[in-house]
Amino acid sequence: MNPHKGEVDFDAVGQRWRLVYSFNALCALEEQTGRGFTELSESLADPSKLRLADIRAILWAGLVDNHPIVTIKQAGEIIGDVGAGKILELFNRALVLAFPEAKTDANPPLPSHPADGIGSAS
């Protein structure tokens, strides 16, 4: 497990699993649900908008990088073993690890005018 890459391990149905929400995993999640990541995030903030199929898709998408043959049905079986609440907790932990807040000094603002150092003076 590499927490710096957002990897989170857990045990379910007699096996060790590793979640990671890479760019490809998040794209797979959008494709599986037919919903954008922002819309899914808003659903997580308001559980009345969250569908059970979304929770299953969230788990499945997080597993496919490390367990490429896992099926959506198996994801449902894993949820049946550990519970939907635990899966959402693991998802949140993996996302926090995968996308930590950027440091303010890491991305200094670019000059807004070519004379400030970007582009050529013609």
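This is a predicted model, so every value here is computed, not measured.

Visitor: How would you explain the overall build of the chain if you had to name every residue and give the values?
Guide: Counting its regular elements, the chain contains five helices and two strands. Starting at the N terminus and ending at the C terminus, the chain contains elements arranged as β-β-α-α-α-α-α. In the chain, which comprises 122 residues, the share counted as buried stands at 33%. Within the chain, contacts between residues at least 6 apart in sequence are counted, and of these 58% link residues at least 24 apart. When the accessible surface of the chain is split by element, carbon and sulfur atoms take 55% of a total near 7800 Å².

Visitor: Before we move on, could you go through the side chain of aspartate 54 and cite the residues and values that matter?
Guide: In this fold, aspartate 54 is placed in helix 3 (residues 52–63). The class of aspartate 54 is buried, set by a relative accessible area of 0%. In this structure the side chain of aspartate 54 is engaged in a polar contact, spanning 2.9 Å, whose partner is the side chain of arginine 51. Setting aside its immediate chain neighbours within four residues, aspartate 54 contacts Thr33, Arg35, Leu40 and Lys49.

Visitor: Go over the environment of valine 70, please, and point to the residues and values.
Guide: By secondary structure assignment, the location of valine 70 is in the loop between helix 3 and helix 4 (72–82). Residues valine 70 and tryptophan 60, ten residues apart in the sequence, show an inter-C-alpha distance of 7.3 Å. Discounting residues that sit within four places of it in the chain, valine 70 has contacts with Trp17, Trp60, Leu63 and Val64.

Visitor: Report on the pattern of salt bridges, specifying residues and quantitative values.
Guide: The tally for this structure, following the rule as stated, stands at eight salt bridges. A salt bridge links aspartate 11 to arginine 16; the shortest N-O distance between them is 3.0 Å. Each member of the salt-bridge network shares a partner with another, and the members are Arg35, Glu39, Arg51 and Asp54.

Visitor: Give me the lowdown on helix 3, citing residues and values where you can.
Guide: Think of an α-helix as 3.6 residues a turn; residues three or four steps apart then line up on the same face. Its twelve residues place the ends of helix 3 17 Å apart at the C-alpha level, agreeing with the 16 Å of an ideal helix rising 1.5 Å per residue. Within helix 3, nine of the twelve residues are buried, leaving the element largely enclosed by the surrounding structure. The inward-facing, buried residues of helix 3 contact strand 1 (8–12), strand 2 (15–19), helix 1 (23–33), helix 2 (37–45), helix 4 and helix 5 (84–98).

Visitor: Describe the pairing of strand 2, listing the residues and the values that go with them.
Guide: Strand direction decides the pairing type here: strand 1 and strand 2, joined by five bridges, are antiparallel. Note on strand 2: the bridge partner recorded for phenylalanine 10 is tryptophan 17.

Visitor: Explain the packing of aromatic side chains to me, using residue names and the numbers behind them.
Guide: In total, this model carries one aromatic pair according to the counting rule given. Centre to centre, the rings of tyrosine 21 and phenylalanine 91 are 4.9 Å apart; their planes meet at 85 degrees, and the pair counts as edge-to-face. Highlighted residues: tyrosine 21 in the loop between strand 2 and helix 1 and phenylalanine 91 in helix 5, separated in sequence by 70 residues. Owing to a relative accessible area of 1%, tyrosine 21 belongs among the buried residues under this scheme.

Visitor: Report on the packing of helix 1 against helix 3, specifying residues and quantitative values.
Guide: Running from N to C, helix 1 and helix 3 cross one another at 150 degrees; their axes reach a closest spacing of 9 Å. Considered as vectors, helix 1 and helix 3 are oriented roughly antiparallel to each other. Viewed along their axes, helix 1 and helix 3 form a crossing whose handedness is right-handed. Touching Ala25, Ala28, Leu29, Gln32 and Thr33 of helix 1 are Asp54, Ala57, Ile58, Trp60 and Ala61, all from helix 3. Taken together, the residues that form the contact of helix 1 with helix 3 break down as seven nonpolar, two polar and one charged.

The rules we used
- Residues numbered from 1 in each chain as written.
- Predicted model: local features only at pLDDT ≥ 70, side-chain atom pairs only at ≥ 80, totals over all residues.
- Heavy atoms only, no water.
- Helix = DSSP H or I, 4+ residues; strand = E, 2+ residues; numbered from the N terminus.
- Buried < 20%, exposed > 50% of the residue type's maximum accessible area, 1.4 Å probe, protein only.
- Contact = heavy atoms within 4.5 Å.
- Areas by Shrake-Rupley, 256 points an atom, 1.4 Å probe, with all protein chains shown as cover.
- Polar contact = N/O pair within 3.5 Å; in protein donor to acceptor, adjacent residues only side chain to side chain.
- Salt bridge = Lys/Arg side-chain N within 4 Å of Asp/Glu carboxyl O.
- Expected span 1.5 Å × (residues − 1).
- Pairing = 2+ DSSP bridges.
- Phe/Tyr/Trp six-rings, centres within 6.5 Å; stacked < 30°, edge-to-face > 60°.
- Axes fitted to C-alpha atoms, helices over the stretch in contact; angles between N-to-C directions.
- Parallel < 35°, antiparallel > 145°, perpendicular 65-115°, else oblique.
- Left-handed = near helix turned anticlockwise from the far one by under 90°.
- Nonpolar A, V, L, I, M, F, W, Y, C, P; charged D, E, K, R; others polar.

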